[in-house]
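Single-letter residue listing:
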Amino acid sequence: MKMAGLESLVVEEVKPAEKPVDREKTCPLLLRVFCSTGRHNSSGDYARGNVPQNELQIYTWMDASLRELTGLVKEVNPETRRKGTYFDFAIVYPDMRSPTYRMREIGVTCSGQRGGDDNKTLAQVKFQIGNYLDISITPPNRMPPPMRRPQPYMNNRPY
């Protein structure tokens with residue numbers, strides 16, 4: 001019995017180098033941020049031209065990291081400064097197929113701890129100018145946000 005030759009190819013994913021933003025020459029964007037304790041705002045809160053009432057307006061750039069944004073929220077919100085406070089970030093964006101908004105989680109940071117999402121930038125998570133940022137803030141005395149699991153594909157459902 002003769003076996004066919006088996007080869008494997010390892011392909012390294014090459015991400016294009018992100019050009020640093022010259023913050024002296026580039027006009028900042030207005031980032032509309034909505035914070036809520038213990039949960040994200042409902043996507044329905046963004047319906048029909050409405051937004052949640054807890055708005056924070058930040059002027060920043062597309063190279064702003066989640067850690068940098070965490071620091072800006074902590075500056076204006078003293079109760080979020082406690083070590084162990086979790087910040088769960090989501091982008092809220094219009095659904096192009098219906099007159100509603102959708103929400104996509106993009107990362108989690110924690111006060112006083114380094115994390116894998118700290119250095120993610122708005123550009124890296126595909127933030128578009130005009131989108132909103134929704135942050136669920138969980139104080140240290142509560143359970144941290146559950147780890148997100150990838151959603152199974154719709155085709156993999158048992159029949």
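The model shown is predicted, which means the values in this text are computed figures rather than measured ones. (Residues numbered from 1 in each chain as written. Predicted model: local features only at pLDDT ≥ 70, side-chain atom pairs only at ≥ 80, totals over all residues. Heavy atoms only, no water.)

K.L.:
I would appreciate a short explanation of the overall build of the chain in the present structure.
P.N.:
In terms of regular secondary structure, the chain is built from one helix and five strands. Within the chain, contacts between residues separated by at least 24 positions form 68% of all contacts whose residues are at least 6 apart in sequence. In the form shown here, the chain has an accessible surface area of approximately 11,800 Å², with 53% of it arising from carbon and sulfur atoms. (Helix = DSSP H or I, 4+ residues; strand = E, 2+ residues; numbered from the N terminus. Contact = heavy atoms within 4.5 Å. Areas by Shrake-Rupley, 256 points an atom, 1.4 Å probe, with all protein chains shown as cover.)

K.L.:
Where do I start with the sheet that holds strand β2 (residues 55-60) in this structure?
P.N.:
Sheet strands pair by backbone hydrogen bonding; their relative direction is either parallel or antiparallel. Spatially, five strands are ordered β2-β1-β5-β3-β4 in an open sheet, and the strand pairing comes out mixed. The open sheet terminates on both sides in strands that have one partner only, identified here as β2 and β4 (101-110). Direction aside, neighbouring strands of the sheet carry axes that sit 30 degrees apart on average. The sheet contact formed by strand β1 (residues 29-37) and strand β5 (residues 132-138) spans six bridges and is parallel. Note on β5: the bridge partner recorded for R32 is Y132. (Pairing = 2+ DSSP bridges. Axes fitted to C-alpha atoms, helices over the stretch in contact; angles between N-to-C directions.)

K.L.:
Looking at this structure, I do not really get the packing of aromatic side chains. What am I missing?
P.N.:
The geometry of an aromatic ring pair is captured by the separation of the ring centres together with the interplanar angle, meaning the angle of the planes. All chains considered together, the criterion is met by five aromatic pairs. Judged by centre distance (5.4 Å) and plane angle (25 degrees), the ring pair of Y46 and Y132 falls under stacked. One end of the pair, Y46, is in the loop between β1 and β2; the other, Y132, is in strand β5, and 86 residues separate them in sequence. Here the aromatic residues F34, Y46, Y101 and Y132 are joined through ring pairs into a cluster of three or more. (Phe/Tyr/Trp six-rings, centres within 6.5 Å; stacked < 30°, edge-to-face > 60°.)

K.L.:
What am I meant to see in the nonpolar core here?
P.N.:
Soluble globular proteins tend to bury their nonpolar side chains together. Core analysis: the biggest nonpolar cluster contains 20 residues, and L31, V33, L69, F89, L133 and I135 have the highest contact counts within it. Broken down by secondary-structure element, the contributors of at least two residues to this core are β1, β2, α1 (66-76), β3 (86-94) and β5. Excluding residues that lie within four positions of it along the chain, L69 makes contacts with L31, T60, A64, F89, L122 and L133. (Core = buried A, V, L, I, M, F, W, Y, C linked by side-chain atoms within 4.5 Å. Buried < 20%, exposed > 50% of the residue type's maximum accessible area, 1.4 Å probe, protein only.)

K.L.:
Would you take a moment to explain unusual backbone geometry for this structure?
P.N.:
Positive phi, normally seen in glycine, also occurs at R48, with a value near 50 degrees. Examined against the element boundaries, R48 turns out to sit in the loop between β1 and β2. R48 gets classed as exposed once you look at its relative accessible area, which sits at 77%. Even without being a glycine, K126 presents a positive backbone phi close to 65 degrees.

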